[in-house]
Amino acid sequence: MQVGFIGLGVMGFPMAGHVVRAGHEVRAYNRTPDRRHAWAQAHNGTVVASPREAASGAEVVLLCVGADKDVREVVAGKAGVLSTIAPGGILVDHTTTSSELARDMQHACQARGCEFIDAPMSGGEAGAVNAKLTLMVGGDEAALARVRPVLECYAASITRMGESGSGQLAKAVNQICIAGILQGLAEGLLLGQRAGLDVETLVAAISKGAAGSWQMVNRAATMAKGEFDFGFAVEHMRKDLKIALATAEDIGAPLPLTALVDQFYADVEALGGRRYDTSSLIERLRRLRP
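Let us look at the structure shown here. (Residues numbered from 1 in each chain as written. Predicted model: local features only at pLDDT ≥ 70, side-chain atom pairs only at ≥ 80, totals over all residues. Heavy atoms only, no water.)

### Thoughts on the overall build of the chain
Thinking step 1. Helices and strands together make up the secondary structure of the chain, namely 13 helices and 9 strands.
Thinking step 2. Rg of the C-alpha trace for the chain: 20 Å, near the compact-globule value of 19 Å for 290 residues, within the 12% margin.
Thinking step 3. The C-alpha extent of the chain, read off along each of the three principal axes, is 65 × 45 × 35 Å.
Thinking step 4. Per-residue burial for the chain yields a buried fraction of 50% across its 290 residues.
Thinking step 5. When contacts within the chain are restricted to residue pairs at least 6 apart in sequence, those whose partners lie at least 24 apart make up 66%.
Thinking step 6. Here the chain displays about 13,300 Å² of accessible surface, and carbon together with sulfur accounts for 54% of that area.
Thinking step 7. One finds the centroid of the 29 positive side-chain charges in the chain at a distance of 3 Å from the centroid of its 31 negative side-chain charges. (Helix = DSSP H or I, 4+ residues; strand = E, 2+ residues; numbered from the N terminus. Rg over C-alpha atoms; globule rule 2.2 N^0.38 Å. Buried < 20%, exposed > 50% of the residue type's maximum accessible area, 1.4 Å probe, protein only. Contact = heavy atoms within 4.5 Å. Areas by Shrake-Rupley, 256 points an atom, 1.4 Å probe, with all protein chains shown as cover. Lys, Arg positive; Asp, Glu negative; His and termini not counted. Charge placed at Lys NZ, Arg CZ, Asp CG, Glu CD.)

Below, the structure is given as structure tokens:
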């Protein structure tokens, strides 16, 4: 298929590479020229100078950018995707945004004669590199079926949640669950360390039972060592939790733990940890006075 790929950051860089290796014709764009040139060299791919060029003639356009405002600019801006995408094309947004933005983009795409799918991701940088991402999808079922072969280049799990915006709502739930698990893990590990338990033995014992989680298996050891350079950054988690909390306020769903953990992440930022990964909640606890 002819594919436009917009956004070659930590996630998009390897994802777009997987699409090229699968044999699709890809035109890739990144706002930073150095980044797109690095991608072209790494993956022997074609890069262009604008979202408009990436979308021109493409059957599928994939987005992996920063936030709601970035999606609006890339899609509907002066040099945006909608100025050139062909009728019948499908725009897939992997950015984590509000569900309202996804519905707005669907309406804009339908007016242009194309389809919009919101497909936020879970799995982090490792998932992108290893083509093991989990996608939560909102949008037309037939459109998803058409783009599935492209999405399967980098995703191990693709689940349609419902109509436009449903994927973003599922991603909000995903982030809520991660935040709560990480806070509990941070407190448990801190207690274990200060009580003199060996962390490796502790995790081996409890990870096989009801306390076990992906975060425990993959992050407990680095948390214990104070290493926080493993993917999804605190500043990005706070953006996602802000979306979740705003959605919860709109529909009357109390999220007391999420609100609390968001404030804990604000404390981590104040400690200089804006770019730490999300497991850094334990660092905040370590610096608290008894």
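### Describing the packing of helix α8 (residues 166-194) against helix α12 (residues 256-270)
The description of two helices packed together rests on the angle between their axes and the distance between the axes.
Thinking step 1. Closest axis-to-axis distance for the α8/α12 pair is 10 Å, and the angle between their directions is 65 degrees. With respect to α12, the axis of α8 lies roughly perpendicular. Crossing angle aside, the handedness with which α8 passes α12 is left-handed. Along its contact with α8, which presents Ile176, Ala179, Gly180, Leu182 and Gln183, the element α12 presents Leu257, Thr258, Val261, Phe264 and Tyr265.
Thinking step 2. In terms of residue class, the contact of α8 with α12 is built from 7 nonpolar, 3 polar and no charged. (Axes fitted to C-alpha atoms, helices over the stretch in contact; angles between N-to-C directions. Parallel < 35°, antiparallel > 145°, perpendicular 65-115°, else oblique. Left-handed = near helix turned anticlockwise from the far one by under 90°. Nonpolar A, V, L, I, M, F, W, Y, C, P; charged D, E, K, R; others polar.)

### A short note on the nonpolar core
Thinking step 1. In this structure, Phe5, Met15, Leu62, Val92, Ile117, Leu151 and Tyr154 are the most contacted members of the largest nonpolar core, which totals 32 residues.
Thinking step 2. Elements that contribute at least two residues to this core include exactly β1 (2-6), α1 (12-21), β2 (25-29), β4 (60-63), β5 (90-93), β8 (133-138), α7 (141-151) and β9 (155-162).
Thinking step 3. Excluding residues within four positions of it along the chain, Met15 makes contact with Phe5, Cys64, His94, Met121, Ala128, Leu133 and Tyr154.
Thinking step 4. Val199, Met237, Tyr265 and Val268 belong to the second-largest nonpolar core, a separate cluster that totals 24 residues. (Core = buried A, V, L, I, M, F, W, Y, C linked by side-chain atoms within 4.5 Å.)

### Re the pattern of salt bridges
Thinking step 1. Counted under the stated rule, the structure contains 12 salt bridges.
Thinking step 2. Linking Asp104 and Arg72 is a salt bridge whose minimum nitrogen-to-oxygen distance equals 2.9 Å. On the criterion of sequence distance, the pair formed by Asp104 in helix α5 (residues 99-111) and Arg72 in helix α4 (residues 68-76) is long-range, its members being 32 residues apart.
Thinking step 3. Exposure remark for Asp104: the relative accessible area of 34% places this residue in the partly exposed category.
Thinking step 4. When its relative accessible area of 37% is taken as the criterion, Arg72 is described as partly exposed.
Thinking step 5. One connected set of salt bridges, linked through shared partners, spans Arg31, Lys69 and Asp70. (Salt bridge = Lys/Arg side-chain N within 4 Å of Asp/Glu carboxyl O.)

### Some details on the packing of aromatic side chains
Aromatic ring pairs are defined here through the distance separating the ring centres and the angle between the ring planes.
Thinking step 1. Counted by the stated rule, this structure contains 1 aromatic pair.
Thinking step 2. With a centroid separation of 5.5 Å and an interplanar angle of 35 degrees, the aromatic rings of Phe228 and Tyr276 are classed as tilted. Placement of Phe228 in the loop between α10 (214-225) and α11 (234-251) and of Tyr276 in the loop between α12 and α13 (281-287) is noted, with a sequence separation of 48 residues between them.
Thinking step 3. Note that Arg284 overlies the ring of Phe264, its terminal NZ or CZ placed 3.7 Å from the centroid. (Phe/Tyr/Trp six-rings, centres within 6.5 Å; stacked < 30°, edge-to-face > 60°. Lys NZ or Arg CZ within 6 Å of the ring centre and 35° of its normal.)

### As for the layout of surface pockets
Gaps left between atoms show up when a probe the size of a water molecule is rolled over them.
Thinking step 1. Approximately 160 Å³ is the volume found for the second largest pocket.
Thinking step 2. Lining the second largest pocket, in full, are Ala67, Asp68, Ser98, Glu100, Lys239, Lys242, Ile243, Ala246, Thr247 and Asp250.
Thinking step 3. In terms of residue count, α11 provides more of the lining of the second largest pocket than any other element does, 6 residues in total.
Thinking step 4. A per-class count over the lining of the second largest pocket returns 3 nonpolar, 2 polar and 5 charged. (1 Å grid on protein atoms, 1.4 Å probe; cavity = no way out; pocket = protein on both sides within 12 Å on 5 of 7 lines; lining within 4 Å. Points joined across faces, edges and corners; volume = space filled by probe spheres on them.)

### Here we look at the pairing of strand β6 (residues 115-118)
As a general feature of sheets, a regular strand has side chains that alternate between the two faces.
Thinking step 1. Here β5 pairs with β6 via 4 bridges, running parallel. Considered in β6, the bridge of Asp93 is made with Asp118.
Thinking step 2. Handedness of the crossover joining β5 and β6 through α5 is recorded here as right-handed. (Pairing = 2+ DSSP bridges. Right-handed = clockwise from strand over helix to strand, strands pointing away.)

### Some words on unusual backbone geometry
For residues that are not glycine, phi is negative in most cases, and the peptide bond is trans in most cases.
Thinking step 1. The phi torsion at Asn44 lies on the positive side, around 50 degrees, for a residue other than glycine.
Thinking step 2. Mapping Asn44 onto the fold places it in the loop between α2 (33-43) and β3 (46-47).
Thinking step 3. With a phi close to 55 degrees, Ala131 is a non-glycine residue in the positive phi region.
Thinking step 4. Relative to the helices and strands, Ala131 is located in the loop between α6 (124-129) and β8.

### With respect to the pairing of β8
Thinking step 1. Burial within β8 is extensive, with 5 of its 6 residues counted as buried.
Thinking step 2. Summarising the sheet, β8 and β9 pair through 6 bridges and their orientation is parallel. By the bridge assignment for β9, Val137 is matched with Arg160.
Thinking step 3. Tracing the backbone out of β8, into α7 and back to the parallel element β9 gives a crossover that is right-handed.

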